[in-house]
Amino acid sequence: MSADARIEAITARIVERSKPFREPYLDRVRAAVSKGVHRSVLGCGNLAHGFAVCSPAEKTALAGDRVPNLGIITSYNDMLSAHQPFETYPALIRQAAHEAGGVAQVAGGVPAMCDGVTQGQPGMELSLFSRDLIAMAAGVGLSHNMFDAIVYLGVCDKIVPGLTIAALTFGHLPAVFIPAGPMTSGLPNDEKARVRQLFAEGKVGRDELLDAESKSYHGPGTCTFYGTANSNQMLMEIMGFHMPGASFVNPGTPLRDALTKEASKRALAITAQGNEFTPAGEMIDERSIVNGVVGLHATGGSTNHTMHLIAMARAAGIVLTWQDISELSDIVPLLARVYPNGLADVNHFHAAGGMGFLIKELLKAGYLHDDVRTVYGQGLNAYTIEPRLGGDGNVRREPAPHVSHDPKVLASTEHPFQHTGGLKMLSGNLGKAVIKTSAVKPERHVIEAPAKVFHDQAELNAAFKAGELKGDFIAVVRFQGPKANGMPELHKLTTVLGILQDRGQTVALLTDGRMSGASGKVPAAIHVTPEAIDGGPIARIRDGDLIRLDAVKGTIDVLEDAAAFAARPPATADLSANEFGMGRELFASFRAIAGPADQGASVLFA
Ligand SMILES: O=C(O)[C@H](O)[C@@H](O)[C@H](O)[C@H](O)COP(=O)(O)O
Ligand code: SF4
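Residues numbered from 1 in each chain as written. Chains lettered and ligands numbered in written order. Predicted model: local features only at pLDDT ≥ 70, side-chain atom pairs only at ≥ 80, totals over all residues.

K.L.:
Account for the overall build of the protein chain, with residues named and values stated.
P.N.:
Within the protein chain one finds 22 helices and 16 strands. Considering the protein chain as a whole, with its 606 residues, one finds that 58% of them fall into the buried category. Across the protein chain, the fraction of contacts at a sequence separation of at least 24, relative to all contacts at a separation of at least 6, is 78%. (Helix = DSSP H or I, 4+ residues; strand = E, 2+ residues; numbered from the N terminus. Buried ≥ 20, exposed ≤ 12 C-beta atoms within 10 Å, placed from the backbone. Contact = placed C-beta atoms within 7 Å.)

Structure follows, in structure tokens:
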């Protein structure tokens, strides 16, 4: 079934716009594919180093070019609860490869930052740049050129985008993404947020706050809110990089292990040595990317993907723009209510029918391209399933339910939660911006209020503690863009602005920085481009200026005299404290060359 004519038209526009990049990219992929089994070009010395630690049987196998070798790129560390389960995955993958008559080797590791650990801390200023660093680090592992397919072990915010950029850069190789699954449900996310607000108001102490936080984030697996990490899982499934049903099965379960082994065997089955060769750079095309954007809108996914998905697409020569994302938002309905877009968590989403039901609904209504390639084969219809553990210990798949098991969490396209998607683009005399409307009450979609200007989130929090944030206002937090200080998430502002909003004040945020995918209830126009340090009009805003944020019309404007505003000298900021400490001195070159947010805020693509 073809997609809705409007979606087909947007896809065709992306295809046309991408040609100057996509055609040379595909030429490079096909040239690399034409070289056959890549390790056959290695000299004996290279090969001997490459399989020095393998068993004699594996050495014999790898000395030839018939037995496929599976590379593993892992982002294991103990800092991310979502990545800690990967510690044991390589052994499981090697066993699966052996059972499938192949070999598996860890090609390399990549760094992984937990944005929860660095939220509000100096380390957060490395977070966005770590995405491109992860792509580069994966490239180092893959450059050993020993492999016929790759499995990528990653879940969280910048890691899956970085690994996807690497997988598409090495697009001549098949790529299967293997997740570890969500943490089991703990203290509900809205209760955690309530205790945070009580702490910020001095109504509970640090012990009570730490107790609540620890009951929310309590074990292995991805945090259960629908932030960037879980948006990544949705994307990997709807774009065909996951095995069907892999996204939201909890870690440490037999089904999780069965999915990991199955993914490893599937990766070995889609190499050039087999008869279902599926190089990632051919598998992912403009339709796959549009399917990803559709999934983002239908689930109220993370605002960070208005940058990451653009950078991911660009790695395959596909040029995606905010305008494409915005127009798709006007077409695609919101079908999921998962925190911060609701009270449920991803475990409830999965139990309600999860990705299988979501994809079935979107395909049925023509919002997705079905005629796409995936690691599982041809067509997205294969993903309209629910995963189960078979009696033999393998994965069994049942058709996804025709009706949501919980319509309050997962809606049908006939009765969506919103008739438009969760992400809206804004433009006006302050530049361009992004807003996540799915988590903001409709009565707060249009805000007109005077500006209160800050150059740092700590300044705003200090003003709150001093009782200075009275009345209605739009907080302008600037010099937070990629070139200024690495574009940190300003998610700590959610608590304070949420308190003021709950007290009845009309508040909003306008920033060239970004928010967490877990941010939500306060209207926030983020990713303002051009950023303040790049001469953006945001640098000319002064306290008291009237600003209008209109998420219905898609506008962001300062309502001051245009000539007088343009004549103002732009403000400057002392960013010397952001150049050193916690490794920031290592990323000066990244700040210098980072591209604008509306082009993915990347250091990799001109
Ligand atoms: O984009 C995201 O989803 C966030 O980066 C998320 O991964 C981050 O960890 C939040 O900070 C978690 O929320 P709390 O900080 O509220 O725990
Ligand atoms: S979802 Fe965020 S807080 Fe949770 S493990 Fe991943 S990066 Fe850390």
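K.L.:
Describe the site of ligand 1, naming the residues involved and giving the relevant values.
P.N.:
What surrounds ligand 1 is a group of 14 residues, the closest being Asp115, Gly116, Gly227, Thr228 and Gly517. Only helix H5 (115-118) and helix H10 (228-238) provide two or more residues apiece to the shell around ligand 1. Its residues assigned to classes, the shell around ligand 1 comprises 2 nonpolar, 9 polar and 3 charged. For the shell around ligand 1, the two domains that each supply at least three residues are domain 1 (5-34 + 68-184 + 219-399) and domain 2 (423-577). (Near = placed C-beta within 6 Å. Nonpolar A, V, L, I, M, F, W, Y, C, P; charged D, E, K, R; others polar. Domains from an automatic or database assignment.)

K.L.:
So what's going on with the environment of serine 589? Which residues, and what values?
P.N.:
Of note, serine 589 is situated in helix H22 (residues 588-593). Distance in space between the C-alpha atoms of serine 589 and proline 179 is 32 Å, their sequence separation being 410 residues.

K.L.:
Tell me what's going on with the pairing of strand S4 (residues 175-178), and back it up with residues and numbers.
P.N.:
Of the two faces of S4, the one lined by Ala175 and Phe177 and the one lined by Val176 and Ile178 are each fully buried. Pairing of strand S3 (residues 149-153) with S4, which is carried by 4 bridges, proceeds in the parallel orientation. For tyrosine 152, the partnering residue across the bridge sits in S4 and is phenylalanine 177. In this region the chain leaves S3, passes through helix H7 (residues 159-169) and returns to the parallel neighbour S4; the handedness of that crossover is right-handed. (Pairing = 2+ DSSP bridges. Right-handed = clockwise from strand over helix to strand, strands pointing away.)

K.L.:
So, the pairing of strand S8 (residues 395-399): which residues are in play, and what are the values?
P.N.:
Of the strand pairs in this sheet, strand S7 (residues 385-389) and S8 are connected by 5 bridges, and their pairing is antiparallel. If you follow isoleucine 385 over to S8, its bridge partner there is proline 399. From the end of S7 to the start of S8, which pair antiparallel, there are 5 residues, and glycine 393 there has a positive phi angle of about 85°.

K.L.:
I'd like to hear about the packing of H7 against helix H14 (residues 305-314), residue by residue, with values.
P.N.:
Viewed as axis vectors pointing N to C, H7 and H14 meet at an angle of 15°, and their least axial separation amounts to 8 Å. Viewed along their axes, H7 and H14 adopt a mutual orientation that is roughly parallel. The handedness of the crossing between H7 and H14 comes out as left-handed. Where H7 approaches H14, its residues Pro161, Thr164 and Ile165 are matched on the opposing element by His308, Ala311 and Met312. Looking at the contact of H7 with H14 residue by residue, the classes come out as 4 nonpolar, 2 polar and no charged. (Axes fitted to C-alpha atoms, helices over the stretch in contact; angles between N-to-C directions. Parallel < 35°, antiparallel > 145°, perpendicular 65-115°, else oblique. Left-handed = near helix turned anticlockwise from the far one by under 90°.)

K.L.:
Quick one: what's the story with the nonpolar core, residue by residue and with numbers?
P.N.:
Membership of the largest hydrophobic core comes to 184 residues, with the highest contact counts inside it found for Leu70, Ile150 and Val151. The element contributing the most residues to this core is helix H6 (residues 127-142), with 8 residues. A domain-level breakdown of this core finds at least three residues from each of domain 1 (5-34 + 68-184 + 219-399) and domain 2 (423-577). Sequence-distant contacts of leucine 70, defined by excluding residues within four places in its chain, comprise Ile93, Ala97, Gly102, Val103, Ala104, Phe147, Ala149, Val151, Ser264, Ala267 and Leu268. (Core = buried A, V, L, I, M, F, W, Y, C linked by C-beta atoms within 7 Å.)

K.L.:
For the site of ligand 2, give the residues involved together with the corresponding values.
P.N.:
Surrounding ligand 2, one finds Leu80, Ser81, Ala82, Cys114, Asp115, Gly116, Cys156, Asp157, Thr222, Cys223, Gly227 and Ala229. A breakdown of the residues in the shell around ligand 2 according to their chemical character gives 6 nonpolar, 4 polar and 2 charged.

K.L.:
Go over the domain arrangement of the protein chain with me, naming the residues and quoting the values.
P.N.:
By domain assignment, the protein chain separates into domain 1 (5-34 + 68-184 + 219-399) and domain 2 (423-577). Summarising the inter-unit geometry, the C-alpha centres of domain 1 and domain 2 are found 32 Å apart. At 5 residues, helix H15 (residues 322-329) tops the list of elements feeding residues into the side of domain 1 that touches domain 2. Classifying every residue of the side of domain 1 that touches domain 2 by side-chain character gives 11 nonpolar, 16 polar and 2 charged.

K.L.:
Can you explain the UniProt feature "domain: Dihydroxy-acid/6-phosphogluconate dehydratase N-terminal" (unreviewed entry) in the protein chain? Please cite residues and give values.
P.N.:
According to UniProt, the positions carrying the feature "domain: Dihydroxy-acid/6-phosphogluconate dehydratase N-terminal" (unreviewed entry) are residues 68-381. Summarising residues 68-381: 46% helix, 8% strand, and an end-to-end C-alpha distance of 28 Å. (UniProt positions renumbered as here; feature names shortened; annotations may be inferred.)

K.L.:
Explain helix H17 (residues 354-364) to me, using residue names and the numbers behind them.
P.N.:
Of all 11 residues that make up H17, 10 are buried, and the element is covered over most of its length. Of the residues making up H17, those classed as buried are Gly354, Met355, Gly356, Phe357, Leu358, Ile359, Lys360, Glu361, Leu362 and Leu363. On its buried face, H17 is in contact with H10, helix H13 (286-299), helix H16 (346-351) and S7. Once H17 finishes, glycine 366 follows within two positions and takes phi at roughly 80°, a positive value.

K.L.:
Lay out helix H20 (residues 493-502) with the relevant residues and their values.
P.N.:
Listed in full, the buried residues belonging to H20 are Leu493, Thr494, Val496, Leu497 and Gly498. The secondary structure elements touched by the buried residues of H20 are helix H8 (189-200), helix H18 (457-465), strand S12 (473-477) and strand S13 (507-511). Within two residues after H20, glycine 504 carries a phi angle of roughly 105°, on the positive side.

K.L.:
Would you mind going over the environment of alanine 31 in detail, with residue names and values included?
P.N.:
Tracing the sequence through the fold places alanine 31 in helix H1 (residues 5-34). Taking the C-beta count within 10 Å as the criterion, alanine 31 has 10 such neighbours and is therefore assigned exposed. When the C-alpha atoms of alanine 31 and histidine 172 are compared, they prove to be 8.5 Å apart, with 141 residues separating the residues in sequence.

K.L.:
Explain the sheet that holds S4 to me, using residue names and the numbers behind them.
P.N.:
Ordered in space as S2-S1-S3-S4, the 4 strands form an open sheet in which the pairing is parallel. Here the strands that pair on one side only, and so sit at the sheet edges, are strand S2 (103-109) and S4. Between one strand axis and the next, the sheet turns through 25° on average, direction left out of account. Across 5 bridges, strand S1 (residues 69-74) lies against S3 in parallel orientation. What sits directly across from isoleucine 73, in S3, is tyrosine 152.

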